[in-house]
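# Close look at the chain arrangement
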There are 2 protein chains.
Amino acid sequence: MSAHRPLSVEHLNPSVLKVQYAVRGELAIKAEEYRNKLQEADHGLPFDRVISSNIGNPQQKGLDQPPITFTRQVAALMEWPALAELAPNAFPQDVIARAKELQEEIGSVGAYSHSMGVPFIRKNVAKFIEERDGYPSSPDNIFLTAGASAGVSLLISMLISAPHSGILIPIPQYPLYTATLAQHNGTAIPYHLDEPSDWATSVDEIETGIQNAIKAGITPKALVIINPGNPTGALLDEATQEEVVKLCERHSLILLADEVYQLNLHRPSTHPFASFKKIVSRMGSPIGLVSFHSISKGVSGECGRRGGYFECTNISPEILALIYKMVSVGLCPPLTGQIGVDSMVRPPKEGEESYELWKKETDTIHEALASRTKLMAAKLNALPGVSCVDSPGALYLYPQIELSDKAIEAARKAGKEPDAFYALRLLDETGICVVPGSGFGQKEGQWHYRVTCLCPGVEEYVGKLESFHRGFTQRYGQ
Amino acid sequence: MSAHRPLSVEHLNPSVLKVQYAVRGELAIKAEEYRNKLQEADHGLPFDRVISSNIGNPQQKGLDQPPITFTRQVAALMEWPALAELAPNAFPQDVIARAKELQEEIGSVGAYSHSMGVPFIRKNVAKFIEERDGYPSSPDNIFLTAGASAGVSLLISMLISAPHSGILIPIPQYPLYTATLAQHNGTAIPYHLDEPSDWATSVDEIETGIQNAIKAGITPKALVIINPGNPTGALLDEATQEEVVKLCERHSLILLADEVYQLNLHRPSTHPFASFKKIVSRMGSPIGLVSFHSISKGVSGECGRRGGYFECTNISPEILALIYKMVSVGLCPPLTGQIGVDSMVRPPKEGEESYELWKKETDTIHEALASRTKLMAAKLNALPGVSCVDSPGALYLYPQIELSDKAIEAARKAGKEPDAFYALRLLDETGICVVPGSGFGQKEGQWHYRVTCLCPGVEEYVGKLESFHRGFTQRYGQ
């Protein structure tokens, strides 16, 4: 009879240890500690609030991007349908009609739905895609999810069949991809985006990644494209998208198109968004495509509801049935997230009672984000040793910072990556939490950080970034 | 340059093919097809509605267990806080106060929360556990989840370190466990519950399972106990629970206690529930324990919100940090589910405005479930060739059915397990969808099915089960 041994790290799945997710890593944990400390009267910190610029979370406290009223009114009625009778004047008529229609289709938001999501909502998503792209879409190919992350994670787990299978990911990338690959014992095959060309995607770079992988005995299974980019905000032009599709044809790669920022376009006339579904359909390409979308970004910013979808194109019914089986083990995506998806794909139309307010709210969000991004990029670019691509999309900037040998040495002594060291000092001095570039990937010897463009008091916010940088540069030289 | 090959099943992670989840399997898919067909005028089906008794989904259409008004009122105000001013008379004062308190703590339900869940709600969960058990509980050990399933799946994925590590699961079991084990290449180590003793858990059976596993080269890492049982409804007595804890001590097993039905007690005076947290605390045992709870069952039945939590006991800070890292990749559990957890652990108290209604609603649900279960068990037991333990807990009955050689032969010819054949005929003839015992596990040569006790028109419902069984018996002999 053996003595009791407590569970220790070496008893765990070793892939758990390999997972890294910087967006909620060391910096975010320290930011939380500071936030708690600020509640003490004598906190002794040189700032009075923590700004969590590490994550695209528009509605968080302190940023307070208001939710779209229409979405929340529908959701409130779905929670407690009796309100339509108890407080009829509190709601616009189109909201009451919408909620009633959803109730008839769904029943209670407290019930499990179909594991792929409510059929009616999937039909509405298909219509939205058809209107966006001008090509057919079927609800049978659409899976509603708990945010895009849940779908990405599922697809990667299904595609990785052995440690020697890999998935091509952009560098820099959103670390969900490397984290999920580590978790499922897959290999990340990096391809670099080109910073001097505003973070352009180059098919030659992807081809190089593939050849390197094959030489190393890794089988590339899929290609991840994040468009608009995260953290870069870059948009692919259609010619590049066509080349990407041809490359997927040549190498029989599944294309995983992360398009969650498709609505966050700051200069749509020069940097428009085209979905890969549209490109693949127009080309009549046979490649397997999975496109991800989410209610967490765009103008809805409904991160907390956990809603999203993915659409499968050229994926066989046999594999769709397997995806369905896998999602059914998790029962269903949250109904409140599903309803959020419905509101996103069916916003009020011109002439409907809620339209004016909806238009005003969404315009305000678009304009604020575009102008903040522009201002922040300009101010960051004016700093010594900082260069920053002015993102045409998404919610972030990803400035490159030159760090002196002295700063790099100080970082080594502190046991940190140099950009993590910079970001930690920034947090310590200003309460602003960003994510160091080492969390997203960057070329050897380069340093970046990702910062969100969500803070309402942008002048003060970017002012803090500026004065910190000047102080840091003074201390460590340039 | 290779020609494009479409993605086919053999390119996928092979563990995906091994996953089985009968609760939403063949029967459920056929039930959906019938539900769609019923919308045609000339459907030609011998029933006019499909009853999805395959899944514990109390609020689904047709069953329509009403949600708890308090929960939904708070949720509606969280969705659209302006309602408190726009329609103040629609809400009880305690609801308005509760929503205001939550808004101050959480901010918007559209924002990501802490990845472990909102700290304030975790504090409330800890208080709830302390009051339930009489032992300390810390919010630092509590993770809010998207239903219990998400937590179970995460823990299993972390514990399975190689194909030769295994987890002890009861037979019959809720197939989430075998599905998740298959997905993560772990081995299910079965131990049988004792049907003649009302599905009792026997530590000797578990010990046998362990010895068999070790002989087969499998390392047992954890023990799953479902209490109250699913599909059996059985409750462990405290003496057995203590023996289970000692067994975990002897074999250094992590105890995974699935306690999602802790509130569904039909005869609490003779079959009370004691949490494993209480037993482990009282014994001062050092075993690692993870206890799961959910808002999907109990009296709330809020499956669609995807809310739940797990509490870790005797799990080291190092491992808690790894769990935190893993949940952070998924960002956070749905906020509307988290709010549902808050309402579950902090229902209205006596003297508060919402208390009377809450009491009436929850009493009604408890009584309806207890009386339906009793009636259904009695009627099923009266049928030839059926024996059914009268469940003291949970939402299900798991009758054993004798099947004649002729029926077994007919099933073989149809390429089905005999109990799946029986369940398919039941669905074809009555529109009632149950899950065959082969989905949960049973002893060789025995046949069962799981049926929920949720249908409001129970006389008609059980009448259909009876007349189908008599017809089936007549056709195939006994």
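Counting restarts for each chain, with residues numbered from 1 along the sequence as it is written. As a convention, the first chain written is A and the first ligand written is 1, with the rest following in written order. Under the rules for a predicted model, residues below a pLDDT of 70 receive no local features and side-chain atom pairs below 80 are neither given nor counted, while totals for whole chains, interfaces and linings still include all residues. Only hydrogens and water are set aside when side-chain values are computed; all heavy atoms of the structure are taken into account.

Counting from the N terminus, the helices are DSSP H or I runs at least four residues long and the strands are E runs at least two residues long. On a plain count of helices and strands, chain A comes out with 17 helices and 14 strands. Here chain A has a C-alpha radius of gyration of 23 Å; the compact-globule value for 478 residues is 23 Å, and the two agree. Expressed as lengths along the three principal axes of its C-alpha atoms, the size of chain A is roughly 70 × 65 × 55 Å. Residue burial in chain A is summarised as follows: out of 478 residues, 65% are buried. Values of accessible area rely on a 1.4 Å probe in the Shrake-Rupley scheme; residue burial ignores everything except the protein chains shown. As presented, chain A carries roughly 17400 Å² of accessible surface, and 52% of it is formed by carbon and sulfur atoms. In chain A, 44 side chains carry a positive charge and 54 a negative one; their mean positions are 3 Å apart. Only the C-alpha atoms count toward the radius of gyration. The rule for a globule is 2.2 Å times the residue count to the power 0.38. Residue exposure (1.4 Å probe, protein chains only): buried if accessible area is under 20% of the type maximum, exposed if over 50%, otherwise partly exposed. We treat Lys and Arg as the positive residues and Asp and Glu as the negative residues; His and chain ends play no part in the count. For charged residues, the charge sits on one atom: NZ in Lys, CZ in Arg, CG in Asp, CD in Glu.

The next thing to look at is the domain arrangement of chain A. Residues and elements named next belong to chain A. Under the domain assignment, chain A is made up of domain 1 (9–65 + 361–477) and domain 2 (102–345). Domain borders in the structure are assigned automatically or taken from a domain database. For domain 1 versus domain 2, the distance between C-alpha centres works out to 27 Å. Throughout, a residue-residue contact means that at least one pair of heavy atoms, one from each residue, lies within 4.5 Å. Between domain 1 and domain 2, the contact holds 37 residues from the first and 36 residues from the second. In total, domain 1 and domain 2 occlude about 3000 Å² of area from one another, counting both sides; carbon and sulfur atoms represent 56% of this. The largest share of the area that domain 1 buries against domain 2 comes from Val389, Pro392 and Phe440, three residues that together contribute 21% of it. By definition here, a salt bridge exists when the distance from a side-chain nitrogen of Lys or Arg to a carboxyl oxygen of Asp or Glu is within 4 Å. Summed over the shared surface of domain 1 and domain 2, the result is one salt bridge. Arg267 is the salt-bridge partner of Asp390, the closest N and O atoms lying 3.4 Å from each other. For this analysis, a polar contact is any N or O atom pair within 3.5 Å, provided that within protein one partner can donate a hydrogen and the other can accept it, and provided that sequence-adjacent residues contribute only side-chain to side-chain pairs. One can count 17 residue pairs in polar contact (both at pLDDT 80 or more) joining domain 1 with domain 2. Every element with two or more residues in the side of domain 1 that touches domain 2 is listed here: helix 1 (14–18), helix 14 (355–381) and strand 10 (396–397). Looking at which element gives the most residues to the side of domain 1 that touches domain 2, the answer is helix 14, with six residues. Summed over both partners, the accessible area (1.4 Å probe) lost when two parts come together is defined as the buried area.

One pass over the full model with this rule turns up 40 salt bridges over all chains. Residues Arg282(A) and Glu242(A) are paired through a salt bridge, measuring 3.0 Å at the closest nitrogen-oxygen approach. Of this pair, Arg282(A) sits in helix 11 (residues 276–283) while Glu242(A) sits in helix 10 (residues 238–251); the two residues are 40 residues apart in sequence, bridging distant segments of the chain. For Arg282(A), a relative accessible area of 36% puts it in the partly exposed group. A salt bridge links Lys30(B) to Asp428(B); the shortest N-O distance between them is 3.0 Å. Here Asp428(B) lies in helix 16 (residues 418–430) and Lys30(B) lies in helix 2 (residues 26–37), a separation of 398 residues in the sequence. For Lys30(B), a relative accessible area of 23% gives the class partly exposed.

This brings us to the relation of the copies chain B and chain A. A residue counts toward the fit only if its pLDDT is at least 70 in both copies, and the copies are then superposed by least squares on the C-alpha atoms of those residues. Superposition record for chain B on chain A: RMSD 0.0 Å, screw rotation 180°, translation along axis 0.0 Å. Taken together, the rotation angle and the small translation identify this as a two-fold axis. Residue Ala76(B), judged by its C-alpha, is the member of chain B lying nearest the rotation axis, at 2.1 Å. The residues that chain B uses at the interface reappear at the interface of chain A in 100% of cases, marking a shared surface.

Turning next to the UniProt feature "domain: Aminotransferase class I/classII large" (unreviewed entry) in chain A. This chain's UniProt record puts "domain: Aminotransferase class I/classII large" (unreviewed entry) on residues 92–455 of chain A. Within the segment residues 92–455 of chain A, helix and strand shares are 44% and 15% respectively, and the terminal C-alpha atoms sit 31 Å apart. UniProt positions are given in the numbering used here, feature names are shortened, and annotations may be inferred rather than shown by experiment.

As a further point, take the packing of helix 9 (residues 203–215) of chain B against helix 10 (residues 238–251) of chain B. Axis angle and axis distance: for two packed helices, these are the angle between their axes and the distance between the axes, and together they describe the pair. Residues and elements named next belong to chain B. Think of each axis as a best-fit line through the C-alpha atoms, taken over the contacting stretch in the case of a helix, with angles from 0 to 180 degrees between the N-to-C directions. Running from amino to carboxyl end, helix 9 crosses helix 10 at an angle of 20°, the nearest separation of the two axes being 10 Å. Relative to helix 10, the element helix 9 is oriented roughly parallel. The two elements helix 9 and helix 10 cross, and the hand of that crossing is right-handed. Contacts between helix 9 and helix 10 involve Val203, Ile206, Glu207, Ile210 and Gln211 from the former and Thr240, Glu243, Val244, Leu247, Arg250 and His251 from the latter. The labels follow the angle: roughly parallel below 35 degrees, roughly antiparallel above 145, roughly perpendicular from 65 to 115, and oblique for the rest. In a left-handed crossing the near helix is turned counterclockwise from the far helix by less than a right angle, and in a right-handed crossing that turn is clockwise.

What follows is about unusual backbone geometry. All names here are of chain A. Following Ile171, the chain continues to Pro172 via a peptide bond in cis, the omega torsion being 5°. Examined against the element boundaries, Pro172 turns out to sit in the loop between strand 3 (165–171) and helix 8 (176–183). One non-glycine residue, Asp64, adopts positive backbone phi at about 55°.

What follows covers the sheet that holds strand 10 of chain A. What holds strands together in a sheet is hydrogen bonding between their backbones, with the strands either parallel or antiparallel. All names here are of chain A. By the convention used here, strands pair only if DSSP detects at least 2 bridges between them. An order of 10-14-13 is seen for the three strands of this open sheet, with the pairing classed as antiparallel. Edge positions in the sheet fall to strand 10 and strand 13 (435–436), since each of these pairs with one other strand and no more. Bridge analysis of strand 13 against strand 14 (residues 449–452) gives two bridges, and the strand direction is antiparallel. Considered in strand 14, the bridge of Pro436 is made with Tyr449.

Attention now moves to the packing of aromatic side chains. Here a ring pair, both rings aromatic, is described through the centre-centre distance and the interplanar angle of the planes. Each Phe, Tyr or Trp ring, with Trp reduced to its six-membered ring, pairs with another whose centre is within 6.5 Å; inter-plane angles below 30 degrees give stacked pairs, above 60 give edge-to-face pairs, and intermediate values give tilted ones. Under the criterion given, the structure shown has 30 aromatic pairs over all chains. Residues Phe468(A) and Phe472(A) carry aromatic rings whose centres are separated by 5.7 Å and whose planes lie at 45° to one another, so their mutual orientation is tilted. With Phe468(A) and Phe472(A) both in helix 17 (residues 458–476) and four residues apart, the pair spans about one turn of that helix. Judged by relative accessible area, which is 2%, Phe468(A) ranks as buried. The exposure class assigned to Phe472(A) is buried, which follows from its relative accessible area of 6%. On the numbers, 5.7 Å between centres and 55° between planes, the contact of Phe292(B) with Phe310(B) is tilted. On the criterion of sequence distance, the pair formed by Phe292(B) in strand 7 (residues 289–294) and Phe310(B) in strand 8 (residues 308–313) is long-range, its members being 18 residues apart. Of the two residues, Phe292(B) and Phe310(B), both sit in the buried class.

A word on the side chain of Gln338(B). Residues and elements named next belong to chain B. Along the chain, the position of Gln338 falls in helix 13 (residues 335–345). The exposure class assigned to Gln338 is buried, which follows from its relative accessible area of 1%. Of note is the side chain of Gln338, whose polar atom sits 2.8 Å from the backbone nitrogen of Val118. In contact with Gln338, other than residues within four places in its own chain, are Ser113, Gly117, Val118, Ile121, Leu144 and Pro333.

Take the interface of chain B and chain A next. Taken together, the contacts link 95 residues of chain B with 95 residues of chain A. Contact between chain B and chain A buries roughly 7500 Å² in total, counting both sides, with carbon and sulfur atoms accounting for 60%. Joining chain B to chain A, the criterion identifies four salt bridges. Put simply, Arg305(B) and Glu79(A) hold a salt bridge, and the shortest N to O gap is 2.8 Å. Between chain B and chain A we count 43 residue pairs in polar contact (both at pLDDT 80 or more) in total. Per-element accounting of the side of chain B that touches chain A gives the leading share, eight residues, to helix 12 (residues 317–329) of chain B. Three classes are used: nonpolar for Ala, Val, Leu, Ile, Met, Phe, Trp, Tyr, Cys and Pro, charged for Asp, Glu, Lys and Arg, and polar for all others, with Gly counted as polar. When its residues are assigned to classes, the side of chain B that touches chain A shows 46 nonpolar, 32 polar and 17 charged.

The nonpolar core is taken to be a set of buried Ala, Val, Leu, Ile, Met, Phe, Trp, Tyr and Cys residues, with the residues joined through side-chain atoms within 4.5 Å. By size, the foremost hydrophobic cluster in this structure holds 270 residues, and its most contacted members are Leu83(A), Leu256(A), Ile323(A), Leu83(B), Leu256(B) and Ile323(B). Aside from chain neighbours lying at most four places away, what touches Leu83(B) is Ala76(A), Leu83(A), Ala90(A), Phe91(A), Ala76(B), Leu77(B), Pro88(B) and Phe91(B).

What follows deals with helix 2 of chain B. Residues and elements named next belong to chain B. For helix 2, built from twelve residues, the straight-helix expectation of 16 Å at 1.5 Å per residue is met to within 8% by its first-to-last C-alpha distance of 17 Å. Of all the residues in helix 2, the buried ones are Leu27, Ala28, Ala31 and Tyr34. Projected down its long axis, helix 2 shows its buried positions confined to an angular sector of 115°, all on one face. Structural note: helix 2 exposes Glu33 and Asn36 on the side pointing more than 90 degrees away from its buried face. Given a helix with a known number of residues, its expected span is that number minus one, times 1.5 Å. The directions from the helix axis to the C-beta atoms form the arc being described.

Once that is clear, we can look at the pairing of strand 4 (residues 187–192) of chain A. Residues and elements named next belong to chain A. Relative to strand 4, strand 3 runs parallel, the two sharing six bridges. When the bridges of strand 4 are listed, Ile169 appears paired with Pro190. Look down the strands so they point away from you; if going from the first strand over the helix to the second traces a clockwise path, that crossover is right-handed. In this fold, strand 3 hands off to helix 8, which returns the chain to strand 4; that crossover is right-handed.

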